[in-house]
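# Survey of secondary and tertiary structure
The chain contents come next:
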Amino acid sequence: MSLRLRLTVLYGSLFLLAGGVLLGVTYLLFTQQVGRRVTLITGVAPAGLPMLPSPESLDEQARQVRAAAATSLLTQGAIALGAVAVLAAGLGWLVAGRALAPLRQVTDTARGIAAAADPGGHARIALRGPDDEVKDLADAFDVMVERLDRSFDAQRRFVANASHELRTPLTLNRSLVEVAMHRRTASDDVRQLGGKLLEINARHEKLISGLLLLARSESALTERCPVDLAAVVAHVVPPEVLTDLGEATALGDALMLERLAHNLVENGIRHNVPDGWVRVATRSLPGRVELAVANSGPVIPPAEVPALFDPFHRRARVAAEGAGLGLSIVRSVAHAHGGEVAATARPEGGLVVVVSLPRG
């Protein structure tokens, strides 16, 4: 039940309760008054006046009159109470609607901001009216949105600056190392050292790219379009991976969903046992699509599974080439698309990760 309907029911219930109490008190007073009048009428007649009917006959008539009057009072009173209760409920519905109109404006503005590409945006409630509790709520909401707007602007500036300031030195280092390695006068020690430096540089580039992607994926999507999730998975999986790709069209960003699928498949291949297997499946369900990746990796205690999605988790960095951000990026991309991700440890070893996304 909505708040407006609950208030209407509350108004109607209180009115019915008060009307019922009033009708009951009126009935008791009415019966007492009728009984007192009947007692006076059935007294002995004064001398010289005609004799009244017998007391038994008067008592029977009085009882019939009292019963008929009480029945008429209850019947007509109940009908009147029901009609007035319906009228009171209708008026309560209108009054509740007018009282809750500012809250509806707050809700509509919040939903518009949440559904927009820019989470902060420039939409504000700017509620006009008396300084009451509802206006205080709207003003507090506007202050919160203003702070969020500044925070998202700062985040966008940081991602843009970090993308340039961090990648440029690494690209320059890689170029210098490659030039030094490929010189004719370069010795074997120099080439060996250059190879190690290139490996370290490549790992740093991968780490920075993962951090930047993680920062971007935690923001709202700029645009959404139907994406064939099965085709995306078929593009990123290597031949040795088992696939069961059913029709699945998600709603989101194709590049981010491709990175999500790539990270899941890469994580399943990297954290596996020798001669193990990796299975990828997509399926369509009512209102959503799912991407499931399972592997035959080492045994993982169920208590450690939630921590696998934390950045730089130790188990996620078993392999030297890993940056420990794969599953963190998967979770951020899923949340940015309005989806969820869940992982389950297989008793015989390995992990099953299921990503659920809105259906396109």
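Residues numbered from 1 in each chain as written. Predicted model: local features only at pLDDT ≥ 70, side-chain atom pairs only at ≥ 80, totals over all residues. Heavy atoms only, no water.

This paragraph deals with the overall build of the protein chain. In terms of regular secondary structure, the protein chain is built from seven helices and seven strands. When the helices and strands of the protein chain are listed from N to C terminus, the series reads α-α-α-α-β-α-β-β-α-β-β-α-β-β. Expressed as a percentage of its 360 residues, the buried residues of the protein chain come to 32%. Long-range pairs, those at least 24 residues apart, make up 66% of the contacts in the protein chain with a sequence separation of at least 6. (Helix = DSSP H or I, 4+ residues; strand = E, 2+ residues; numbered from the N terminus. Buried < 20%, exposed > 50% of the residue type's maximum accessible area, 1.4 Å probe, protein only. Contact = heavy atoms within 4.5 Å.)

What follows deals with helix α6 (residues 254–270). End to end, α6 covers 24 Å across 17 residues, agreeing with the expected 24 Å (1.5 Å per residue, within 8%). For α6, the full list of buried residues reads Met256, Leu257, Leu260, Ala261, Asn263, Leu264, Val265, Asn267 and Gly268. Its side-chain oxygen 3.2 Å from the backbone nitrogen of Leu255, Asp253 forms the N-cap of α6. (Expected span 1.5 Å × (residues − 1). Polar contact = N/O pair within 3.5 Å; in protein donor to acceptor, adjacent residues only side chain to side chain.)

For the rest of this paragraph, the subject is the environment of Phe15. Mapped onto the elements of the fold, Phe15 is located in helix α1 (residues 3–41). Residues Phe15 and Leu81 lie 66 residues apart in sequence; the distance between their C-alpha atoms is 9.1 Å. Residues contacting Phe15, with those up to four places away along its chain left out, are Leu81, Val84, Ala85 and Ala88.

Right, let's get into the packing of helix α5 (residues 229–236) against α6. At a minimum axis separation of 9 Å, α5 and α6 run at an interaxial angle of 50°. It follows that α5 is oblique to α6 by the angle criterion. Remark: the crossing between α5 and α6 carries right-handed chirality. Facing α5, whose interface residues are Val232, Val233, His235 and Val236, α6 presents Leu257, Glu258, Ala261 and His262. Here the residues of the contact of α5 with α6 are counted per class, giving five nonpolar, two polar and one charged. (Axes fitted to C-alpha atoms, helices over the stretch in contact; angles between N-to-C directions. Parallel < 35°, antiparallel > 145°, perpendicular 65-115°, else oblique. Left-handed = near helix turned anticlockwise from the far one by under 90°. Nonpolar A, V, L, I, M, F, W, Y, C, P; charged D, E, K, R; others polar.)

Moving on to the pattern of salt bridges. Counted under the stated rule, the structure contains six salt bridges. Among the salt bridges present, the one from Arg288 reaches Glu290, with a minimum N-O distance of 3.4 Å. Look at Arg288 and you get partly exposed, because its relative accessible area is 33%. Overall, Glu290 belongs to the buried group, its relative accessible area being 10%. Each of the salt bridges in this network shares a partner with another, and the network as a whole consists of Arg283, Arg288 and Glu290. (Salt bridge = Lys/Arg side-chain N within 4 Å of Asp/Glu carboxyl O.)

Bringing the side chain of Ser356 into the picture now. Examined against the element boundaries, Ser356 turns out to sit in strand β7 (residues 351–358). Here Arg288 takes part through its side chain, which lies 3.4 Å from a polar atom of the side chain of Ser356. Leave out the neighbours within four places in its chain, and Ser356 touches Arg288, Val289, Glu290, Gly339 and Glu340.

Right, let's talk about the packing of α6 against helix α7 (residues 326–336) for a bit. Axis separation between α6 and α7 bottoms out at 9 Å; the angle between their running directions is 145°. As α6 runs across α7, the sense of the crossing is left-handed. Counted together, Met256, Leu260, Asn263, Leu264 and Asn267 of α6 and Gly326, Leu327, Ile329, Val330, Val333 and Ala334 of α7 form the full contact between these two elements.

What follows is about the sheet that holds strand β5 (residues 288–295). Paired through their backbone hydrogen bonds, the strands of a sheet run either parallel or antiparallel. Taken in spatial order, the five strands line up as β2-β4-β5-β7-β6 in an open sheet, and their pairing is mixed. Both outer strands of the open sheet, β2 (242–245) and β6 (340–345), are each paired with one neighbouring strand and no more. Across this sheet, the average inter-strand angle for adjacent strands is 10°, counted without regard to direction. Bridge count between strand β4 (residues 278–285) and β5: eight bridges; the pairing is antiparallel. Looking at the pairing, Ala281 lines up with Ala292 of β5. (Pairing = 2+ DSSP bridges.)

This brings us to a nonpolar patch on the surface. On the surface, Leu5, Val9, Leu87, Leu91, Trp93 and Leu94 cluster together to form a nonpolar patch covering roughly 540 Å² of accessible area. For the nonpolar patch, the leading source of residues is helix α2 (residues 55–115), giving four residues. Tracing the backbone through its elements, the reader meets Leu94 in helix α2. (Patch = residues over 30% accessible without salt bridge, like charges linked within 9 Å, V, L, I, M, F, W, Y side chains within 5 Å. Areas by Shrake-Rupley, 256 points an atom, 1.4 Å probe, with all protein chains shown as cover.)

It is worth spelling out the nonpolar core at this point. Grouped together as the largest cluster of nonpolar side chains are 37 residues, with contacts concentrated most on Leu260, Leu264, Val280, Leu291, Leu351, Val355 and Leu357. Broken down by element, this core gets its largest block of residues, six residues, from α6. Setting aside its immediate chain neighbours within four residues, Leu264 contacts Leu291, Val293, Leu327, Val330, Val353 and Val355. Ranked by size, the runner-up nonpolar core spans eight residues in total, among them Val106, Val134, Ala138 and Phe141. (Core = buried A, V, L, I, M, F, W, Y, C linked by side-chain atoms within 4.5 Å.)

Only one face of β6 is covered, namely the one carrying Val341, Ala343 and Ala345; the face carrying Glu340, Ala342 and Thr344 has none of its residues buried. Pairing of β6 with β7 involves six bridges; the strand directions are antiparallel. The residue bridging Glu340 from the neighbouring strand is Ser356, located in β7. Counting the residues that bridge the hairpin from β6 to β7 gives five residues, and of these Gly349 lies at a positive phi of roughly 115°.

Turning to the side chain of His337, a few remarks are in order. Structurally, His337 is set in the loop between α7 and β6. In this structure His337 comes out as buried when scored by relative accessible area, which is 1%. At 3.0 Å, the side chain of His337 forms a polar contact with the backbone nitrogen of Asp253.

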